[in-house]
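Below are the chains, spelled out letter by letter.
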Amino acid sequence: MNAHFLRSVNPVAASGYANKVISRRLLPSLAVAGTLFICPAVLHAQELSLPCDEKEAQVLAEKRDNEVRRITAFQPAKPKKRIDPRYPVSAARRGQEGWVKMSYVIDEEGNVQDAVVDDFGGHRDFKRKALHALKQWKYEPAMKNGQPTQQCQQAVQFDFMLDGKSGASRQFIAKYRDIDEMFQNGEVEKAEVLLTELREEDTLNHYENAWAANMDATIASHLKDWRRELSSLKRVKASNGSAFGKNSVFSEDHIAYTLQRSVLLSAELGYYADALHIFEDLTSFEEQQERIQATQPIIETIKEQIASNKHISIDMEIDDRELLFHTLVRNQFAFDSIKGDLDSVEVRCQSHREKFTVAEDHIWTIPESWGECRVMVKGDEGTSFELIEVATTEVASLN
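Counting of residues starts from 1 at the beginning of each chain's written sequence and follows it residue by residue. Reporting of local features is limited, given that this is a predicted model, to residues whose pLDDT is at least 70; pairs of side-chain atoms are given and counted only at 80 or more, and all residues count toward the totals for whole chains, interfaces and linings. Side-chain measures were taken over the full set of non-hydrogen atoms in the model, leaving aside hydrogen atoms and water.

(A) Inspection of a negative patch on the surface at higher detail. On the surface, Glu317, Asp320, Glu322, Asp341, Asp380 and Glu381 cluster together into a patch of negative charge. For the purposes of this entry, the term helix denotes a DSSP run of H or I that reaches at least four residues, the term strand denotes a run of E that reaches at least two, and both are numbered from the N terminus. Relative to the elements of secondary structure, Asp341 occurs in the loop between strand S13 (332-339) and strand S14 (342-349). Judged by its relative accessible area of 37%, Asp341 falls in the partly exposed class. Only residues whose relative accessible area exceeds 30% and that form no salt bridge enter a patch; like-charged residues are grouped when within 9 Å of one another, and nonpolar side chains (Val, Leu, Ile, Met, Phe, Trp, Tyr) when within 5 Å. The Shrake-Rupley method, run with a 1.4 Å probe sphere, supplies the accessible areas, and residue values consider only the shown protein chains as cover. A pair is scored as a salt bridge if a Lys or Arg side-chain nitrogen falls within 4 Å of a carboxyl oxygen belonging to Asp or Glu. As used throughout, the charge tally considers Lys and Arg to be positive and Asp and Glu to be negative, leaving His and the chain termini uncounted. For the purpose of locating charges, the reference atoms are NZ of Lys, CZ of Arg, CG of Asp and CD of Glu. The buried label goes to any residue with under 20% of its type's maximum accessible area, the exposed label to any with over 50%, and the partly exposed label to all in between, with areas taken from a 1.4 Å probe on protein chains only.

(B) The nonpolar core, seen in detail. With 64 residues, the main nonpolar core has Phe333, Phe335, Val345, Val377, Phe385 and Leu387 as its most contacted residues. Among all residues touching Phe333, those that are not within four sequence positions of it are Leu328, Val345, Val347, His362, Ile363, Trp364, Ile366, Val375, Leu387, Ile388, Glu389 and Val390. Grouped together as the second largest cluster of nonpolar side chains are 19 residues, Val112, Ala130, Val156 and Phe160 included. For the purposes of this section, nonpolar cores are sets of buried Ala, Val, Leu, Ile, Met, Phe, Trp, Tyr and Cys residues that join through side-chain atoms within 4.5 Å. We call two residues in contact when some of their heavy atoms are within 4.5 Å.

(C) How the structure looks around helix H8 (residues 226-239). To estimate how far a helix should extend, the number of its residues minus one is multiplied by 1.5 Å. The first and last C-alpha atoms of H8 sit 20 Å apart over 14 residues, in line with the 20 Å expected at 1.5 Å per residue. Within the span of H8, buried status applies to Trp226, Glu229, Leu230, Ser232, Leu233, Val236 and Ser239. Contact partners of the buried residues in H8: helix H7 (206-222) and helix H9 (252-269).

(D) Examining the pattern of salt bridges more closely. What the rule picks out here adds up to seven salt bridges. A salt bridge links Glu187 to Lys190, with the shortest nitrogen-to-oxygen separation between them at 3.5 Å. When its relative accessible area of 32% is taken as the criterion, Glu187 is described as partly exposed. The shortest N-O distance in the salt bridge between Arg291 and Asp253 comes to 3.5 Å. Of this pair, Arg291 sits in helix H11 (residues 289-307) while Asp253 sits in helix H9, placing them 38 residues apart in sequence. Each member of the pair Arg291 and Asp253 is classed as buried. Sharing partners across several salt bridges, the network here consists of Glu192, Arg199, Asp216 and Arg228.

(E) Fine view of the packing of aromatic side chains. Only Phe, Tyr and Trp rings take part, Trp by its six-membered ring, and two of them pair if their centres are within 6.5 Å. Stacked means planes under 30 degrees apart, edge-to-face means over 60, and tilted covers everything else. Applying the stated criterion across every chain yields a total of 12 aromatic pairs. Relative to Phe160, the ring of Phe126 lies with its centre 4.4 Å away and its plane at 15°, an arrangement referred to as stacked. One end of the pair, Phe126, is in helix H4 (residues 125-134); the other, Phe160, is in strand S10 (residues 151-162), with 34 residues separating them in the sequence. Both residues of the pair, Phe126 and Phe160, belong to the buried class.

Shown next, in the form of structure tokens:
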């Protein structure tokens, strides 16, 4: 590579915020699950969209190194009909809860095609019910150059939750206590093995999933694996329930702690947009003024960094999904220090969507009128790189 971007030290990371102790009250005790014969409720949320482009493979094959070529401009499909899956009777009787993540294609007529289960948790019948429901969804088709087109890499997660008070089974509590005891005694590796086995069981309800994710975050924090801790904290929040009350697992104070910790970790890792959004969630907790005020200096530091004339450099690595997302805080970005193979980058904004091949020494500039944007990077598993949010269009040499 002939040129490098001038990097600046992450001021949040340099301050060591992620290593600071956050005030945390005692967690609630694990509760034993009661009898569940309640009418089940199913919640779902949609995410992850990537346009299908029949020319993509050809463009990727023909492009030269350090060359950027536009692949497509894209208008996403719009949902017309969504059907929730039926809750499996056997799972409802046994109080089993879980989730199913799927990817699929929307064809030129707005029908769902090629639905595939990417991952799931809980009763195996959840997969069958989720697939059956998803295949009945209808969309107004995606448009490209004024013509209907397919929309690929569409993804959805269905959450299967029973309406009513839930808790942990006695078997789960016994295993969880064993894991916690091993961890407290310094047997971290053994605790990790048992935790992995526990999380692989397909009978966990949302209460148990939340506790398992919480333990994983605790172990990851001990190992200083900040990305893993942040991921597990997000799973704690997702598994806790949509509102505090009869279905929530943890207290408001503990969820506020997970949000506060998530802000610090996101800031440490350079995920500034994520930190700002999570902080917004934290500020909605009226009884958490102490945590909000303690976190406010981090937010001010992030805002100062965003407004500065220094580049923001984020270390990234493609996982086994062969893609990753990053929400931008600036309208210019670039790639550097690519080790491996990156196929494409898609820019997803509030009103526009663009897809490109990837090259170093190129700066992408996004019109501010497009609103907040996320980039989705596709590449080989294990490929590492730096995503740089550029302060100016100038490329500086690094000695």
